[in-house]
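Each chain is listed here by its residues.
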Amino acid sequence: MVVLNRENRSGFVKVKCPDCENEQIIFEKASTVVDCIVCGHVLAETTGGKALIKAEILSQFE
């Protein structure tokens, strides 16, 4: 019997907006465009897999 070890391949990241410096937690594999809740700057865009994060990543959560 083969047991597959599936690791958690995605998680959440804490990012800082380059415009207003607001810190926000977003999903690594976002399926929609993620905007800053304060100023509306685009923080992440979809790519079909992991999102293209356009902000400074402060920390990662598993």
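Residues numbered from 1 in each chain as written. Predicted model: local features only at pLDDT ≥ 70, side-chain atom pairs only at ≥ 80, totals over all residues. Heavy atoms only, no water.

Draft legend 1. Looking closely at the overall build of the chain. Looking only at helices and strands, one finds zero helices and six strands in the chain. Starting at the N terminus and ending at the C terminus, the chain contains elements arranged as β-β-β-β-β-β. In the chain, which comprises 62 residues, the proportion classed as buried is 26%. Surface exposure of the chain reaches about 4,600 Å², of which carbon and sulfur atoms provide 50%. (Helix = DSSP H or I, 4+ residues; strand = E, 2+ residues; numbered from the N terminus. Buried < 20%, exposed > 50% of the residue type's maximum accessible area, 1.4 Å probe, protein only. Areas by Shrake-Rupley, 256 points an atom, 1.4 Å probe, with all protein chains shown as cover.)

Draft legend 2. Region of the structure containing the pairing of strand S2 (residues 23-27). Only one face of S2 is buried, namely the one carrying Gln24 and Ile26, since none of Glu23, Ile25 and Phe27 on the opposite face is buried. Relative to S2, strand S1 (residues 12-16) runs antiparallel, the two being bridged by five bridges. Across the sheet, the residue bridging to Val13 is Ile26, located in S2. Where S1 folds back onto S2 in an antiparallel hairpin, the turn is made up of six residues, including Glu21, whose phi is positive at roughly 65 degrees. (Pairing = 2+ DSSP bridges.)

Draft legend 3. Representation of unusual backbone geometry. Non-glycine residue Glu21 carries a positive phi angle of around 65 degrees. Counting through the fold element by element, Glu21 comes out in the loop between S1 and S2. When its relative accessible area of 56% is taken as the criterion, Glu21 is described as exposed.

Draft legend 4. Up close: the packing of aromatic side chains. Going through the model one piece at a time under the given rule, you end up with one aromatic pair. Ring plane angle 55 degrees and centroid distance 5.1 Å describe the contact between Phe12 and Phe27, whose orientation is recorded as tilted. Remark: Phe27 occurs in strand S2 and Phe12 occurs in strand S1; sequence separation between them is 15 residues. You can call Phe27 partly exposed: its relative accessible area is 33%. (Phe/Tyr/Trp six-rings, centres within 6.5 Å; stacked < 30°, edge-to-face > 60°.)

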